[in-house]
Amino acid sequence: MKKGRMLSRFRFRKVPTLLSAGILAINIAVVALVAVSLNRSYEYSVRLAEISSYNISETLQLYLLEKFREIDLTLLAAGDELERQMRSGGMDAAVIGSVLNVHLSRLPEADGMRAADSAGFIRYGTGVNSGDPLRTIEDRDYFIALKSGKADGMVISKPVIGRVSGKKVIIF
């Protein structure tokens with residue numbers, strides 16, 4: 001019997017060790033599953049962010065292209081009216097101001113609409129009053145490009161401080 005008791009004691013002494021080893025194995029398996037799950041979740045989130053970023057950039061691109069088209073058409077129409085006035089013999093400041101204001105109303109995002117002469121003096125438009133000293137844009141890149149003929153069509157400036165408004169603007 002002594003031998004049987006020793007054998008049963010030996011078996012009972014191993015039970016806590018075996019239980020600890022089993023629990024450790026289960027914990028390792030759970031940690032591995034959580035790691036795999038987190039990795040898949042991270043990869044899914046990254047892919048979802050890539051898709052969302054692409055969709056937002058495409059939407060923004062389409063929106064900006066449409067706005068640029070609207071601005072270009074409005075500027076072309078205003079330019080056509082100014083050329084018609086020049087061909088008809090003179091530039092009436094009140095009529096030009098009215099024409100520019102009508103076209104400005106079609107671009108609610110715009111801060112103002114102004115017209116300069118061939119020397120670069122801003123003569124007509126939003127915030128330009130006949131008694132004020134003339135402001136010039138002759139040194140601005142967009143004016144130089146258009147006057148020299150290097151640019152054809154709509155030219156977009158870098159952000160600048162507007163000479164009339166005093167605000168940071170992008171000029172078309």
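Quick note: structure is the one above.
Residues numbered from 1 in each chain as written. Predicted model: local features only at pLDDT ≥ 70, side-chain atom pairs only at ≥ 80, totals over all residues. Heavy atoms only, no water.

## Points about the layout of surface pockets
Approximately 1700 Å³ is the volume attributed to the largest pocket. L75, R114, A115, I171 and F172 are the residues nearest the centre of the largest pocket, which is lined by 46 residues in total. Contributions of two or more residues to the lining of the largest pocket are made by α1 (2-87), β1 (114-116), β2 (121-125) and α3 (141-148). The greatest single-element share of the lining of the largest pocket, amounting to 14 residues, is contributed by α1. (1 Å grid on protein atoms, 1.4 Å probe; cavity = no way out; pocket = protein on both sides within 12 Å on 5 of 7 lines; lining within 4 Å. Points joined across faces, edges and corners; volume = space filled by probe spheres on them. Helix = DSSP H or I, 4+ residues; strand = E, 2+ residues; numbered from the N terminus.)

## Some details on the pairing of β2
Judged from the 3 bridges that link them, β1 and β2 form a sheet pairing that is antiparallel. Bridge pairing links R114 to G125 in β2. Where β1 hands over to β2, the hairpin turn is made up of 4 residues, of which G120 adopts a positive phi near 100 degrees. Bridge count between β2 and strand β3 (residues 135-136): 2 bridges; the pairing is antiparallel. Opposite F121, over in β3, you have T136 as the bridge partner. (Pairing = 2+ DSSP bridges.)

## Let's talk about α3
Listed in full, the buried residues belonging to α3 are Y142, F143 and A145. The buried residues of α3 occupy an angular sector of 165 degrees when the element is viewed end-on, so they sit on one face. Across α3 from its buried face, at more than 90 degrees, point the exposed residues D141 and K147. G149 sits one or two residues past α3 and shows a positive phi near 85 degrees. (Buried < 20%, exposed > 50% of the residue type's maximum accessible area, 1.4 Å probe, protein only. Arc of directions from axis to C-beta.)

## Quick notes on the sheet that holds β1
Spatial strand order, β1-β2-β3: 3 strands in an open sheet with antiparallel pairing. If you trace the sheet from one side to the other, it starts and ends with β1 and β3, each paired once. Along the sheet, helix α2 (residues 93-105) makes contact with β1 and β2, crossing β2 at roughly 70 degrees. (Contact = heavy atoms within 4.5 Å. Axes fitted to C-alpha atoms, helices over the stretch in contact; angles between N-to-C directions.)

## Observations regarding the side chain of R140
The residue R140 is located in the loop between β3 and α3 in this model. Nearest to the buried, unbridged R140 among oppositely charged side chains is D139, at 4.5 Å. From its side chain, R140 meets the backbone oxygen of I161 in a polar contact 2.8 Å long. Once you skip the residues sitting within four places of it in the chain, R140 turns out to touch V160, I161, R163 and I171. (Lys, Arg positive; Asp, Glu negative; His and termini not counted. Salt bridge = Lys/Arg side-chain N within 4 Å of Asp/Glu carboxyl O. Polar contact = N/O pair within 3.5 Å; in protein donor to acceptor, adjacent residues only side chain to side chain.)

## Details of the environment of D80
Looking at where D80 falls in the secondary structure, it is placed in helix α1. In the structure, D80 is positioned 19 residues away from V99 in sequence and 11 Å away in space, judged by C-alpha atoms.

## Comments concerning the pattern of salt bridges
On inspection of all chains with the given rule, the structure shows 8 salt bridges. Linking K67 and E109 is a salt bridge whose minimum nitrogen-to-oxygen distance equals 2.7 Å. Note that K67 is positioned in helix α1 and E109 in the loop between α2 and β1, a separation of 42 residues in sequence. Classification of K67 as buried rests on a relative accessible area of 18%. Between E81 and R84 there is a salt bridge, and its shortest N-O distance comes to 2.6 Å.

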